[in-house]
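Survey of secondary and tertiary structure
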Amino acid sequence: MQQPIDPAPTQTRHPWRATIRTVVAGTVGALSLLPEVALTAGVDTVPAVAQAVVVAGAVTRVLALPAVDAWMRQYVPWLATAPAA
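Rules behind the numbers
Residues numbered from 1 in each chain as written. Predicted model: local features only at pLDDT ≥ 70, side-chain atom pairs only at ≥ 80, totals over all residues. Heavy atoms only, no water. Core = buried A, V, L, I, M, F, W, Y, C linked by side-chain atoms within 4.5 Å. Buried < 20%, exposed > 50% of the residue type's maximum accessible area, 1.4 Å probe, protein only. Contact = heavy atoms within 4.5 Å. Salt bridge = Lys/Arg side-chain N within 4 Å of Asp/Glu carboxyl O. Helix = DSSP H or I, 4+ residues; strand = E, 2+ residues; numbered from the N terminus.

Overview of the nonpolar core
- Counting residues in each nonpolar core, the largest one holds 6 residues, listed as A25, V59, L63, M72, L79 and A80.
- Setting aside its immediate chain neighbours within four residues, A25 contacts A56, V59 and T60.

Comments concerning the pattern of salt bridges
- All chains considered together, the criterion is met by 2 salt bridges.
- Salt-bridge contacts for R21 lead to D69; the nearest nitrogen and oxygen are separated by 4.0 Å. One end of the pair, R21, is in helix α2 (residues 15-31); the other, D69, is in helix α5 (residues 66-75), with 48 residues separating them in the sequence.
- Residue D69 is classed as buried on the basis of its relative accessible area of 9%.
- Between R73 and D69 there is a salt bridge, with its nearest N and O atoms 3.1 Å apart. Note that R73 and D69 are positioned in helix α5 at a spacing of 4 residues, about one turn of the helix.
- Judged by its relative accessible area of 32%, R73 falls in the partly exposed class.

This is the structure we're talking about:
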C-alpha cells in the first residue's frame, strides 16, 4: 500500500530548515560583497544590493535542485529540505 502524500510544502512542514537555507543563501550573497566593503569610498549602494540579491537568488536556485538536495541529505542533513527518511 502506498504512503499518503503530504500536500503541505516542505517550508510549511519544516519551517526552521527553510529559515536556515535562506540564512545560508543570504550569507553567501553578503560574503560576495567583502571586496566592495573594503573599498569604502565610491561604493554605490544600488549595485551592491543588486549583487547581494543576485548571488542569494542564485544560491537559493542551486539549493532547490533535486541533485543538490540529495547531496545535502547525505552530507549536510541539517541544510536539506527535509530530514533523511
